[in-house]
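Overview (structure and organization)
Below are the chains, spelled out letter by letter.
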Protein chains: 2
Amino acid sequence: MISNKNILIAQGGGPTNVINMSLVSIIKEEKKLKSLVMGSLNGVNGIINNRFRNLNKISDNDLKLISQTPGAALGSTRDKPDSKYCLEIFKILKKKKISKFYYIGGNDSSDSLRIISEHSKKIGYDLQCIHIPKTIDNDLVSNDHTPGFGSAAKYVAQLFSGINYDVKSLPGVYIGVVMGRHAGFLTASSALLKKRDEDGPHLIYIPEVAFSISKFLDKIKKIYNKYGKCVVAVSEGIQDENNKLISQKIIKSSEYDAHGNVQLSGTGSLGDFLSKQIKLKLKLPRVRADTLGYPQRCFLGSTSEVDQKEAYKIGVFATKFSNKNNNSFSAGILERKSFTKIYKAQFFANSLNDVAGKTKVMKSDFYNKKLSNISKEFLNYALPLIGKDIIKTKSII
Amino acid sequence: MISNKNILIAQGGGPTNVINMSLVSIIKEEKKLKSLVMGSLNGVNGIINNRFRNLNKISDNDLKLISQTPGAALGSTRDKPDSKYCLEIFKILKKKKISKFYYIGGNDSSDSLRIISEHSKKIGYDLQCIHIPKTIDNDLVSNDHTPGFGSAAKYVAQLFSGINYDVKSLPGVYIGVVMGRHAGFLTASSALLKKRDEDGPHLIYIPEVAFSISKFLDKIKKIYNKYGKCVVAVSEGIQDENNKLISQKIIKSSEYDAHGNVQLSGTGSLGDFLSKQIKLKLKLPRVRADTLGYPQRCFLGSTSEVDQKEAYKIGVFATKFSNKNNNSFSAGILERKSFTKIYKAQFFANSLNDVAGKTKVMKSDFYNKKLSNISKEFLNYALPLIGKDIIKTKSII
């Protein structure tokens, strides 16, 4: 079925290592349907500022290069449309006769798309809105996991595996602060390549479980006494028992984005606060804190081949599904019933309302509260997603 | 020539991705000479605490695994021996009849070895002291470069290459704080995979050139106005015109190691200070600072194949040279006269005194002060060291 439609693609939110895989798969599939494929620069912001590109014109070779590149090739945005913003959007969409809009993004972008979709119904403009998930945070509801997570998880797992050897060499306490505003999936991934009990990370702190500084210190002391070292993975989003962010209690950051998210990354203050507490109260030597920051979502060479393929396939699925059905939807990855080492993603369509702006957190049986560490269940869940292509130093002897 | 000697190997200072390559090559070569090969744990500290391992017993397969592993397999130390410490050392060395001591480490470890070597002469104990260089800082005098640097440089280059795409997606100012106490080699390596002028890093700040916050802000403003974004690589060791560390001016860290080095890594304060200045004075949106921290010296999957081979070969050279000559020495990599894309390391012996405790900094023609960026000369110098095996996302389309 040839569609001949005018379609629009855009990317929103924090980019990932594989967000361009989805972009390229949609372009390629829509070209097969003889669509006029446009892209707006910097997400919805590019619509109201009339910054469009004709994506049909990109050569196959350039599409290939784009697919291999981290970051959002069309640029991204944190804009959240209100009614006035929507009026502007539809002024342009009408002019360009756009009838299908793919928005590749996370929770916030799906919420932007929901707002746009509702506005289209209100004004009687026929626009099929399709959300393509991506987020390294892995916190989209009704999805087994999200494209982008596997590659970020691979980076974090590889990083902690190296840190384990570094801290073994010069023993002390090491804290790595990991991205993840509300969900601990990425922080939990720090343990995916851990081999022995004595290896780090010895402790993992996620936003889902109330953080107590005194219990944190007690556990570090115990681990240090046992192994002479302690490696800790801490989510940037850890909260106290009243759901107040620890990072907000210690800094007075006034930077919020349009979706109401406070800036957590790009500052070392949480790690510095925690290491200062350990130095002061436990008097341990060599306490170091690194905030892993933005490389988590864009490091060259840590793409998971599984993640990459899924990011491509979800675009193919969404294009085919949208050509058979006219409704708006959010492309999804079907949730597993049980977790085994062998797993293959299955794609399906979620209702946009079910996903938009909602946040999924870790299942309670993914985490062992008593040990402050992940469970075997989480290992089985996450290991297939980082792929088997873990880069190690080759042997030359 | 079979030596049949009792020899000792140890590792000191901050570990690298390839420090175990040198360890393994020495073990293998000394085994050929029928030596009894011992290792002390945690450098010189393991000598005085009588913590030794028989390294002849390690299987070939385990040696292979060790060679591929980041970190110091024998453990490391920051201890600097004084006369009392030396007395303890020689008590043990005599008992174990050790006549050759290989110490794999950087400036500080070579200085420890110099002290031990001088003490041996004073007391008339025949000990051949051999320094095997390693340091990601690349700041050893009389050496073209040091094993460990190439792999760290590759990690930093790959990281900034990814960051470039991330900041392109969500424009703003990004600061990455890079390791390097006195020398800017590693910070300068942030630009090794840069392709176009518009790509980051747009600005690079090294310890060798006096840092002025007002000029720094001016340049960021200019770049931001030109490209709508600005990526900056800043060395943790940047200093003002009076050679005072910027990081020391802003924090009151009281942690010094035995060699008199103040703690610079493992805290985000320098990056946070700089980003605060940009936010306050330039009022630019999305200012982020990451402190790259310890992954720079241990990230799995960023080993340079060139670095790896050199770290192995320098051990082979040192063993062979030491078997022909009885003097103490520091194994070295001969300095190049000119810099071309094709380069192969040549090994030679430095006198221990010439290297020990001294610090090499960047040649002035490696850096363009006006642009606050590296020169083509540096590119030609450093590119061969990171190797050609840069991991990119493979194409699946």
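Now for a quick tour of the structure. (Residues numbered from 1 in each chain as written. Chains lettered and ligands numbered in written order. Predicted model: local features only at pLDDT ≥ 70, side-chain atom pairs only at ≥ 80, totals over all residues. Heavy atoms only, no water.)

Side note on the overall build of chain A
Each helix and strand counted, chain A has 13 helices and 13 strands in total. In terms of overall dimensions, chain A is globule-like: its C-alpha atoms have a radius of gyration of 22 Å, near the 21 Å expected for 397 residues. Across chain A, every contact between residues at least 6 apart in sequence was considered, and the portion connecting residues at least 24 apart equals 78%. If the 61 positive side-chain charges of chain A are averaged to one point and the 35 negative ones to another, these points end up 2 Å apart. (Helix = DSSP H or I, 4+ residues; strand = E, 2+ residues; numbered from the N terminus. Rg over C-alpha atoms; globule rule 2.2 N^0.38 Å. Contact = heavy atoms within 4.5 Å. Lys, Arg positive; Asp, Glu negative; His and termini not counted. Charge placed at Lys NZ, Arg CZ, Asp CG, Glu CD.)

Considerations on the sheet that holds strand E4 (residues 98-105) of chain A
Residues and elements named next belong to chain A. With respect to topology, seven strands assemble into an open sheet ordered E3-E2-E1-E4-E5-E10-E11, the strand pairing being mixed. A strand with exactly one partner marks an edge of an open sheet, and here the two such strands are strand E3 (52-54) and strand E11 (347-350). Strand-to-strand twist across the sheet, computed as the mean angle between neighbouring axes with direction ignored, equals 25°. As judged from the four bridges shared by strand E10 (residues 329-333) and E11, these two strands associate in the antiparallel manner. Residue pairing in the sheet places Ile333 in a bridge with Phe347 of E11. (Pairing = 2+ DSSP bridges. Axes fitted to C-alpha atoms, helices over the stretch in contact; angles between N-to-C directions.)

Describing the environment of Ser247 of chain B
Looking at the secondary structure, you find Ser247 of chain B in helix H9 (residues 246-250). Separated by 24 residues in the primary sequence, Ser247 of chain B and Gly271 of chain B place their C-alpha atoms 9.1 Å from one another.

Some remarks on the interface of chain A and chain B
Taken together, the contact between chain A and chain B spans 66 residues of the former and 66 residues of the latter. Each partner contributes to the roughly 5400 Å² buried at the junction of chain A and chain B, and carbon and sulfur atoms together form 58% of this total. Of all residues in chain A, the largest losses of buried area upon contact with chain B belong to Leu300, Thr393 and Ile397 of chain A, amounting jointly to 13% of the total for that side. Across the contact surface, chain A and chain B share four salt bridges. Note that Asp166 of chain A and Arg297 of chain B form a salt bridge whose closest N and O atoms lie 2.7 Å from each other. One can count 23 residue pairs in polar contact (both at pLDDT 80 or more) joining chain A with chain B. Looking at the side of chain A that touches chain B element by element, the count peaks at nine residues for helix H6 (residues 149-169) of chain A. (Buried area = accessible area lost by both parts, 1.4 Å probe. Salt bridge = Lys/Arg side-chain N within 4 Å of Asp/Glu carboxyl O. Polar contact = N/O pair within 3.5 Å; in protein donor to acceptor, adjacent residues only side chain to side chain.)

What to know about the packing of aromatic side chains
Any aromatic ring pair is given by two values, namely how distant the centres are and how the planes are angled relative to each other. A complete count under the given rule lists 39 aromatic pairs over all chains for this structure. Consider the rings of Tyr155 of chain B and Phe299 of chain B, whose centres lie 5.1 Å apart with planes at 35°: the pair is tilted. On the criterion of sequence distance, the pair formed by Tyr155 of chain B in helix H6 (residues 149-169) and Phe299 of chain B in the loop between strand E9 (287-291) and helix H11 (305-324) is long-range, its members being 144 residues apart. Taken together through their ring pairs, the aromatic side chains of Phe149, Phe185, Phe339, Phe366, Phe378 and Tyr381 of chain A make up a single cluster. Over the aromatic face of Phe52 of chain A sits the side chain of Lys96 of chain A, whose NZ or CZ is 4.7 Å from the ring centroid. Above the ring of Tyr343 of chain A, the side-chain terminus of Arg336 of chain A is found at 3.7 Å from the ring centroid. (Phe/Tyr/Trp six-rings, centres within 6.5 Å; stacked < 30°, edge-to-face > 60°. Lys NZ or Arg CZ within 6 Å of the ring centre and 35° of its normal.)

A short note on the state of the cysteines
All told, the structure shown has zero disulfides over all chains when counted by the stated rule. Cys230 of chain A provides the cysteine sulfur closest to Cys298 of chain B, a residue in no disulfide bond, and the two sulfurs are 16 Å apart. (Disulfide = S-S within 2.5 Å.)

Looking at the nonpolar core
Counting residues in each nonpolar core, the largest one holds 156 residues, and the members touching the most others are Phe216 of chain A together with Phe216 of chain B. Residues within four places of Phe216 of chain A in sequence aside, it is in contact with Ile175, Tyr205, Phe211, Val232, Val234, Leu274 and Ile278 of chain A. Grouped together as the second largest cluster of nonpolar side chains are 31 residues, Ile7, Ile27, Val37 and Ile314 of chain A included. (Core = buried A, V, L, I, M, F, W, Y, C linked by side-chain atoms within 4.5 Å. Buried < 20%, exposed > 50% of the residue type's maximum accessible area, 1.4 Å probe, protein only.)

Structural notes on the pairing of E9 of chain B
Residue and element names in this part refer to chain B. Within E9, five of the five residues are buried, leaving the element largely enclosed by the surrounding structure. Neither face of E9 is exposed, since Val287, Ala289 and Thr291 on one face and Arg288 and Asp290 on the opposite face are all buried. For strand E6 (residues 173-178) and E9, the ladder comprises five bridges, and the chain directions are parallel. The residue of E9 that forms the bridge with Gly176 is Asp290.

Observations regarding helix H13 (residues 376-386) of chain A
All names here are of chain A. Along H13, the residues classified as buried are Phe378, Asn380, Tyr381, Ala382, Pro384, Leu385 and Ile386. Contacts from the buried residues of H13 go to H6, helix H7 (185-188), helix H11 (305-324) and strand E13 (373-374). Following H13 by one or two positions, Gly387 adopts a phi angle in the positive range, close to 80°.

Some details on the relation of the copies chain A and chain B
Expressed as a screw operation, the relation of chain A to chain B combines 0.0 Å of axial shift with a rotation of 180°, fitting to an RMSD of 0.0 Å. Both copies of the chain, as the preceding transformation shows, are related through a two-fold rotation axis. Closest to the rotation axis within chain A is the C-alpha of Gly268 of chain A, separated from it by 2.1 Å. A high fraction, 100%, of the interface residues of chain A reappear at the interface in chain B, so the copies pair face to face through one surface. (Least-squares fit on C-alpha atoms with pLDDT ≥ 70 in both.)

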